[in-house]
Amino acid sequence: MNSKSSHPIRFASSRKKAEPVPAGYSYKIIIADDDSDVHTVTKMVLKDFHLEGSKLEFIDTYSGFETMKIMRENPDIAVILLDVVMEEDTSGLKVVEYVRNHLRNSMTRIILKTGQPGVAPEEKVIVEYDINDYRAKSELTAQKFITTMYTALRNYRDLKKLDIHKKGLEKVIESSADFYNHENLRSFFSGLLNQLNGIRNFSDNTFMATKEFQQENGFIAYNLKEDYHIIAATGKYEAYVQKPLQAVANAIPLEDFFGQIKENRFFYHSYDSCFIGYYRGFHGSENLIYLEGALNDLNENLIRIFLTNYTFAFDRLFMNRNMMEAMESIILMLGGTIENRDEETGYHVQRVSKILGLMAEKSEKSKVFHDDLTLAGIIHDIGKIAISDSILLKPGKLTKEEFEYIKKHTTVGHNILKESSIPTIRMAAEIALHHHEKWDGTGYPHGLKGEEISWESRAVAIVDVYDALYNKRCYKEAWQKEKVYAYLEEQRGKAFDPRMLDLFMELKEKIEDIQKTYSD
């Protein structure tokens, strides 16, 4: 199915009406005053007060100490109506210092009230303390009080909205960083969908805690030269992973959406019942993102920003994947070229690669290390390209001079590969140089000893000798497997790392299966 041609699939276009965002959350207001009459009058004046459907929830405190305790326990206080003089002449000022400097709360609006202006002069207080309004109790008529509250609450509301958008953008940035932790497309898309769920659940409700995370229904479908297939899914769509998009097409409103895509590389549309995104990569792939349920403006904007970042990461991942596939092909061709000089070693590099993969997996090396090793091991003898056939394919025993000559293949191979900045090739350069070093220090070219030799070179040393003995060569017949294992044990602690040899021996059955599968 191609979005730029007529679609053989018919898509349902039924839409559900979006559920309204709940309203009527209460603003928390502290009345901090040691005069109980002030509490009574304040509540009476503000009893019918509301802002955009939200009413007030009053919390009474009668001292600076009690006010500070309430602020510690309730960081979502919208406004403090704060008396300057309570248990001390400067109790209110101490509360301001505590809220702003100790709790580092810059959101709560503080309206300082005083019946004794001389104790805390207005100019001094406004300059030295981070308050939002300063009023003498004698001037606070009911109307002025209500006007003051509207101003304070609108400021609080706007600050909270800015803060929630800031946190939303921080979440987008944090989530975007996760793109680069995935090594393949399925892992990449699964991670993308999980991050989208996190943003989808991000609440812009400024007056109550963010809702508990819910696993939303959604999926990502991927199309490269063929029909779309679902590559990652959550909720009720998890059962459709790896299945064609047609399996769910009749249940979701895609027909209108595909009709709008046309030639766009990047297109989003928010329906009443879902959000659908589309991206066509520079390499020709097409990705469809489906999130079920209506989105509010904040969630939709954050998702759009997030998906813009995703497109760049996706193209980079695909480019890296293409580069890796090209590099694998080149390495396989190089390995085959070296081995094909001798018809009897045609499968040697494949066996070495597979056995090294078993050892890396058994030793719980990372997937990156595993993949690098299985490729790098293929060209461990690349330096033999510089060795003449008369010596390399000599049917009899080499002379001392010929052996010294053939030993040069280690440094030649290293010199061919060493300038690369690609980690796989750099590992191959290390293996080419040191796979003939021995655990006891009697190997070549540098006489390294023990763990001076890299893990990968020690592994290749065992696998290379094992495979050479197990199979026929121009200079020898194949050994019986019992004799091969006996020789390896004889070289324990001499040529080979004892622990590495233990690892190899634990895998004997699987290694012998590889020998049968890739036989000369």
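All residue numbers here refer to positions counted from 1 along the written sequence of the relevant chain. Residues qualify for local features only when their pLDDT is at least 70, as the model is predicted, and side-chain atom pairs are given and counted only at 80 or more; totals for whole chains, interfaces and linings, by contrast, use all residues. Only heavy atoms go into the side-chain values, all of them from the structure, while hydrogens and water stay out.

### Some words on the overall build of the protein chain
- Numbered from the N terminus, helices here are DSSP runs of H or I no shorter than four residues, and strands are runs of E no shorter than two. If you tally the helices and strands in the protein chain, you get 19 helices and 10 strands.
- Burial classes: relative accessible area under 20% of the type maximum marks a residue as buried, over 50% as exposed, and values in between as partly exposed (1.4 Å probe, protein chains only). When the 520 residues of the protein chain are sorted by exposure, 48% land in the buried category.
- Contact between two residues is taken to exist if any of their heavy atoms lie within 4.5 Å; hydrogens are not considered. Look at the contacts in the protein chain between residues 6 or more apart in sequence, and 64% of them connect residues 24 or more apart.
- In this description, accessible areas are obtained by the Shrake-Rupley approach with a 1.4 Å probe, and a residue is regarded as covered only by the protein chains that are shown. As presented, the protein chain carries roughly 26300 Å² of accessible surface, and 51% of it is formed by carbon and sulfur atoms.

### Digging into the sheet that holds strand β2 (residues 56–61)
- Being paired, for any two strands, means DSSP has found at least two bridges between them. One open sheet holds the five strands; their spatial order is β2-β1-β3-β4-β5, and the pairing between them is parallel. Of all the strands in the sheet, the pair left with one neighbour each is β2 and β5 (133–136). Neighbour-to-neighbour, the strand axes of the sheet open up by a mean angle of 20°, direction not taken into account.
- Bridge count between strand β4 (residues 109–114) and β5: four bridges; the pairing is parallel. Pairing of K113 across the sheet is with R135, part of β5.
- All axes here are fitted lines through C-alpha atoms, helices being fitted over the stretch that makes contact, and every angle between N-to-C directions spans 0 to 180 degrees. Sheet strands in contact with helix α1 (residues 36–45) are β1 (27–32), β2, β3 (77–83) and β4, and its direction is about 175° off that of β2.
- In the packing of helix α2 (residues 64–73) onto the sheet, the strands contacted are β1, β2 and β3, and the crossing angle to β2 comes to about 135°.

### Describing the pairing of β4
- Burial analysis of β4 places six of its six residues in the buried class, the great majority of the element.
- By the alternation rule, side chains of β4 split into R109, I111 and K113 and I110, L112 and T114, which are all buried.
- Across five bridges, β3 lies against β4 in parallel orientation. Across the sheet, D83 pairs through a bridge with K113, a residue of β4.

### Considering the confidence of the model for the protein chain
- For every residue, the predictor assigns a confidence score, pLDDT, that lies between 0 and 100. The predicted model of the protein chain averages 78 in pLDDT, with 68% of residues at 70 or higher.
- Ranking the helices and strands of the protein chain by mean pLDDT puts helix α18 (residues 498–506) first, with 96, and helix α6 (residues 185–200) last, with 63.
- Ignoring residues within four places in sequence, the model shows residues 1–23, a span with pLDDT below 50, making 48 contacts including any to other chains.
- Here residues 203–214 is a poorly scored stretch, pLDDT under 50, and it has 23 contacts once near neighbours within four places are set aside; other chains count.

### Examining the packing of aromatic side chains
- Two aromatic rings, drawn from Phe, Tyr or Trp (for Trp, its six-membered ring), form a pair once their centres lie within 6.5 Å of each other, and the interplanar angle then sorts them: stacked below 30 degrees, edge-to-face above 60, tilted otherwise. Counting across every chain of the model gives 12 aromatic pairs.
- Measuring from centroid to centroid gives 6.4 Å for Y27 and Y156, while their planes differ by 70°, and the two rings are edge-to-face. Separated by 129 residues along the polypeptide, Y27 in strand β1 and Y156 in helix α5 (residues 142–177) bring together distant segments of the chain. Like Y156, Y27 is buried.
- Where Y237 meets Y290, the ring centres are 5.9 Å apart and the plane angle is 85°; that geometry is what we call edge-to-face.

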